[in-house]
Each structure stands twice: as C-alpha cells, then as structure tokens.
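# A closer look at the structure
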Amino acid sequence: MTQRLTQEQLSQIVTEVESLQVRREAELDQQQVREILQELNLPPELLDEALIQLNRRQALEVQQRRNRWIASGVVALLIILSASTIFFIRQQNSALSRVSAQQDRIALVQNTDGDLKTISRQTNPEVFYHVTLKDAPLGKKLALSCNWIDPSGQIVKQNKYQTREINTSVWDTQCRYTINPAATVGNWQVQMFLEGRQISDETFEVK
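Residues numbered from 1 in each chain as written. Predicted model: local features only at pLDDT ≥ 70, side-chain atom pairs only at ≥ 80, totals over all residues. Heavy atoms only, no water.

### Side note on the packing of aromatic side chains
Applying the stated criterion to the full structure yields four aromatic pairs. Residues Trp148 and Tyr177 carry aromatic rings whose centres are separated by 5.7 Å and whose planes lie at 35 degrees to one another, so their mutual orientation is tilted. Placement of the pair is Trp148 in strand E4 (residues 143–149) and Tyr177 in strand E6 (residues 171–178), with a sequence separation of 29 residues. Owing to a relative accessible area of 0%, Trp148 belongs among the buried residues under this scheme. (Phe/Tyr/Trp six-rings, centres within 6.5 Å; stacked < 30°, edge-to-face > 60°. Helix = DSSP H or I, 4+ residues; strand = E, 2+ residues; numbered from the N terminus. Buried < 20%, exposed > 50% of the residue type's maximum accessible area, 1.4 Å probe, protein only.)

Written out as structure tokens, the structure reads:
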C-alpha cells in the first residue's frame, strides 16, 4: 500500500533532502583531498595517518564531553545528598531541642512513688532519679546521661544510656546510683542530659 504524505510532511522531506544535498556537496572525497594537499605542497601519503589522528581527536573530545557530563552529574548528586543530610540533621536537632523535662523526682526502690529530699547513707540505698520527658520525638532513641554530684561539686558517678524507641511524646526515664555508707554527707545534686544538653536537675540531702 502506497504511503500517502501530508503537505506538512512533504515540506519537511524537501527541507531534509536540501540539507543532505548541501552537506554532500560540501564533503570531499579522498582523491579531492589528496589533490588539495599536493597543491599546498603537503605529502598526500600522510592523508590516511592524518585521518586516523583526526578520528582519535574527535573521539577524545566526545569522551571528554561525556566525562564532563558525568562529573557534573556526580557533583550535582553530591550537592543534593549534602543538602538532604544537612536538612535531616537540622530537623533532628530541632526535634531534640524541643524535648524538656515535664517533672522529676528522687525515689528509692521501696518508695518508687515518693519524692525524697533526705536519704540515709547507712542503709546503702539505691537512689533513682525519675524524669518525665515531654515532646519526645516519636520513632527515635534518645541518648541520655546523668551526673551524680557530691557536696564538694565532684562528679562521683555518670550514667550513660539509650532509651528504647520512643512511642509516645510523654516519656518516662530514669537513672540510678547506689550511695554507700562512706558517702559524703550534705547536699547532693543529680543532673540529666540529652545529647549533652542539660534538661533537668534535682537536689537531695544525704545524712
């Protein structure tokens, strides 16, 4: 079946044929090139080697352009990854900065509901520092730490731990320290930190 063409297709074909004709007329065969070389007093026997070098140079230029495109793509990808990482870190830091202590208290094992202010060292008690966090980031694990400080200001114990995955914005956590009978009497302090930022503290007296 003979293919029928529209007027627009015909115009496009005419334009393409004219372009091919101009290109063909502009091209020279090897014999014409050799004659031109002779007229320029250049050795025509070097034509084949010159063509090889020309093809190599053109192939090299194509490869260099391809390499530049690849390098540009890699740089663009690195920029996107860096921007995404910075955005993620900022989002994470923003979420952590909103976490604070809603309430805190000192308690013993046998008195978990109390809020002790005075503790006897003679009973070798294990002291718990209970803290309720608010605005905890869901789906995250928090890196917490506690400093237990004696009356002289010396840190006698450090707790460092990671919570379970947070599943509620109000989150209860705790750290502990056993006060031995030789502990210094006086006012003690316990501090809780989130990622190095202090979020709560409490004082109690050891007798």
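From this point, the discussion proceeds with the structure in view.
### Quick word on the sheet that holds strand E3 (residues 126–134)
The strand order across the open sheet formed by three strands is E1-E3-E6, and the pairing between neighbours is antiparallel. A strand with exactly one partner marks an edge of an open sheet, and here the two such strands are strand E1 (100–108) and E6. Taking the axes of each pair of neighbouring strands and ignoring which way they run, one obtains an average angle of 20 degrees across the sheet. Bridge count for E1 against E3 is eight bridges, and the pairing is antiparallel. (Pairing = 2+ DSSP bridges. Axes fitted to C-alpha atoms, helices over the stretch in contact; angles between N-to-C directions.)

### A look at the side chain of Asp150
Its location among the elements puts Asp150 in the loop between E4 and strand E5 (155–162). Put simply, Asp150 is tucked away with no salt bridge, and the nearest opposite charge, on Arg121, sits 11 Å away. The residues touching Asp150, leaving out its near neighbours within four places in the chain, are Val156, Thr184, Asn187 and Trp188. (Lys, Arg positive; Asp, Glu negative; His and termini not counted. Salt bridge = Lys/Arg side-chain N within 4 Å of Asp/Glu carboxyl O. Contact = heavy atoms within 4.5 Å.)

### Brief notes about the sheet that holds strand E2 (residues 118–119)
Taken in spatial order, the five strands line up as E2-E8-E7-E4-E5 in an open sheet, and their pairing is mixed. The two strands at the open ends of the sheet, each matched to only one other strand, are E2 and E5. As paired strands, E2 and strand E8 (residues 197–206) are joined by two bridges and run parallel to one another. Each bridged residue has a counterpart across the sheet, and for Ile119 the counterpart in E8 is Val206.

### Examining the environment of Leu138
Mapped onto the fold, Leu138 is located in the loop between E3 and E4. Here the alpha-carbon distance between Leu138 and Gly186, two residues 48 residues apart in the chain, equals 39 Å. Apart from the residues within four sequence positions on either side, Leu138 is in contact with Ile166, Asn167, Thr168 and Ser169.

### A few points about the pairing of strand E7 (residues 186–194)
Across six bridges, the pairing between E4 and E7 is antiparallel. Its bridge partner being in E7, Ile149 is matched across the sheet by Gln189. Direction of pairing for E7 relative to E8: antiparallel, over a ladder of nine bridges. When the sheet's bridge partners are listed, Gln191 is paired in E8 with Asp201. Counting the residues that bridge the hairpin from E7 to E8 gives two residues, and of these Glu195 lies at a positive phi of roughly 55 degrees.

### Some points on the pattern of salt bridges
What the rule picks out here adds up to two salt bridges. Note that Arg176 and Glu126 form a salt bridge whose closest N and O atoms lie 3.5 Å from each other. Taken as a pair, Arg176 in strand E6 and Glu126 in strand E3 lie far apart in primary sequence, 50 residues in all. Classification of Glu126 by relative accessible area gives partly exposed; the value is 27%.

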